[in-house]
Amino acid sequence: MQSHIMKEGVDSWESAMFLYRSAMKIVTTKLEILNDEFQHIHKYNPIEYVKSRLKTPESIVKKLKRNGFDSSMENMIEYINDIAGVRLVCSFTSDIYRLAEMIKKQRDFKVFAVKDYLEQPKPSGYRSYHLLVSVPVETSTGVVEVKVEIQIRTIAMDFWASLEHKIYYKFEGNAPEYISKDLQECAAIMSDLDAKMLSLNEAILEAQTIKE
Ligand code: 0O2
C-alpha cells in the first residue's frame with residue numbers, strides 16, 4: 001500500500017488526533033519491544049520508563065502563535081512536530097545514545113531531525129536528546145505517515161525538566177532572576193551527577209568482568 005504524508009484527507013480535528021494517538025501507540029509499543037529484546041539478549045533494560053502525551057489544543061495554539069503562524073489545521077500538521085510525544089527515561093547518558101542508535105535502525109521510523117541538547121544544552125540548562133520521526137499508520141483508507149517527537153533523557157534530566165517546566169508556566173516565561181539562576185545551578189549539578197553515576201556504573205561493570 002502506498003503511504004502518504006499526513007496532509008490530504010485529514011478533514012477534522014478528531015481525525016488528526018486519532019492519527020497522532022495511533023502513531024504515539026505504535027512508537028510506544030515498538031520501543032517497549034526493543035527494551036524487552038535488549039533485556040532478553042543483554043540482561044539489561046536501557047529504558048527505566050516510557051511516558052507519552054498528546055499536546056493539548058491550548059498548547060498547540062500557543063506554539064503556533066509563538067512561531068508566528070495562524071491557528072489552522074494545515075499549520076498545525078505542517079509546523080508542530082511534537083503533537084504526539086513519547087519520552088524515554090533511562091539511568092545513564094550512555095543509554096541515551098544506545099537507544100538513539102536503536103531507534104535510527106528501526107525500519108518503520110523515518111528520522112527527519114535530531115536535536116542533541118546534551119552536546120549543546122539550551123540556555124535554560126535544558127538537556128535531553130530529541131528525535132523527530134514519522135511512522136506509518138495503517139487505516140482502512142490507506143497508510144499515513146505521522147510525526148512523533150521522541151525525547152530521551154536520564155532520570156536526573158527528567159527531574160530537572162519537570163520542575164523547570166512547572167516554573168516556566170507558573171511565571172509565564174518570566175521567572176525571577178534568583179530562580180533562573182538556581183535552576184541553572186541545578187542543571188550543572190544534574191550534569192555532574194549524570195557523569196559521576198556513569199563512571200561509577202562503568203567501574204562496577206569492570207569489577208564484575210574481572211571477577212568473572
Ligand atoms: P510543552 O509544553 O512541553 O509541549 P520543534 O518541535 O522541533 O519544531 P521546538 O519546540 O523549538 O521545535 O523544539 P524543541 O526545542 O526540541 O522543544 C520541543 C519540546 O522539548 C518542548 O515542547 C518541551 O517539551 C521540551 N523542551 C525544550 N526546551 C525546553 C526547556 O528549556 N525546558 C523544558 N522543561 N522543556 C523543554 P514545547 O511545545 O515547547 O512545550
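Above this note sits the structure.
Residues numbered from 1 in each chain as written. Predicted model: local features only at pLDDT ≥ 70, side-chain atom pairs only at ≥ 80, totals over all residues. Heavy atoms only, no water.

Peer 1: What is the right way to read the packing of aromatic side chains from this model?
Peer 2: Aromatic ring pairs are described here by two measures, namely the spacing of the ring centres and the angle between the planes. The final tally for this structure, using the stated rule, is 5 aromatic pairs. Note on tyrosine 168 and tyrosine 169: the rings are 5.9 Å apart at their centroids and 75° apart in plane angle, and the pair reads as edge-to-face. A relative accessible area of 41% means that tyrosine 168 is categorised as partly exposed. Take tyrosine 169: its relative accessible area is 41%, and that puts it in the partly exposed class. (Phe/Tyr/Trp six-rings, centres within 6.5 Å; stacked < 30°, edge-to-face > 60°. Buried < 20%, exposed > 50% of the residue type's maximum accessible area, 1.4 Å probe, protein only.)

Peer 1: Honestly, the layout of surface pockets in this entry has me stumped. Any pointers?
Peer 2: By volume, the largest pocket is sized at about 1,000 Å³. Lining the largest pocket are 29 residues, with Lys55, Arg66, Asp82, Gln151 and His165 sitting closest to its centre. Only α2 (57–66), β5 (129–139), β6 (142–154) and α5 (155–170) provide two or more residues apiece to the lining of the largest pocket. Of the residues forming the lining of the largest pocket, the biggest block, 7 residues, is contributed by α5. When the residues that make up the lining of the largest pocket are grouped by side-chain class, the tally is 8 nonpolar, 7 polar and 14 charged. Taken as a whole, the second largest pocket encloses approximately 220 Å³ of empty space. If you go around the second largest pocket, the residues you meet are Lys62, Lys65, Arg66, Tyr168, Tyr169, Glu172 and Gly173. Each residue belonging to the lining of the second largest pocket can be placed in one class, and the counts come to 2 nonpolar, 1 polar and 4 charged. (1 Å grid on protein atoms, 1.4 Å probe; cavity = no way out; pocket = protein on both sides within 12 Å on 5 of 7 lines; lining within 4 Å. Points joined across faces, edges and corners; volume = space filled by probe spheres on them. Helix = DSSP H or I, 4+ residues; strand = E, 2+ residues; numbered from the N terminus. Nonpolar A, V, L, I, M, F, W, Y, C, P; charged D, E, K, R; others polar.)

Peer 1: Looking at this model, I keep getting lost on helix α4 (residues 93–104). Mind explaining?
Peer 2: An α-helical turn contains 3.6 residues, so any two residues separated by three or four positions project in the same direction. Helix length check: α4 (12 residues) gives 17 Å between terminal C-alpha atoms against 16 Å at 1.5 Å per residue, within 8%. Every buried residue belonging to α4 is among Thr93, Asp95, Ile96, Leu99, Ala100, Met102 and Ile103, and all of these are buried. Those residues of α4 hidden inside the fold are in contact with α1 (13–42), β3 (84–90), β5, β6, α5 and α6 (177–211). (Expected span 1.5 Å × (residues − 1). Contact = heavy atoms within 4.5 Å.)

Peer 1: Before we go on, may I ask you to explain the site of the ligand in this structure?
Peer 2: The environment of the ligand is formed by 19 residues, the closest being Lys55, Lys63, Lys115, Lys122 and Glu164. The separation between an oxygen atom of the ligand and a polar side-chain atom of tyrosine 117 is 2.9 Å. Relative to its unbound accessible surface of 740 Å², the ligand loses 80% to contact with the protein. According to the grid-proximity analysis, the pocket containing the ligand is the largest pocket. When contributions to the shell around the ligand are tallied by element, the ones reaching two or more residues are α2, β5, β6 and α5. The element that contributes the greatest number of residues to the shell around the ligand is α5, accounting for 4 residues. Of the residues assigned to the shell around the ligand, the class counts are 5 nonpolar, 5 polar and 9 charged. (Near = heavy atom within 4 Å. Polar contact = N/O pair within 3.5 Å; in protein donor to acceptor, adjacent residues only side chain to side chain. Areas by Shrake-Rupley, 256 points an atom, 1.4 Å probe, with all protein chains shown as cover. Sits in = over half its atoms within 2 Å of the grid points.)

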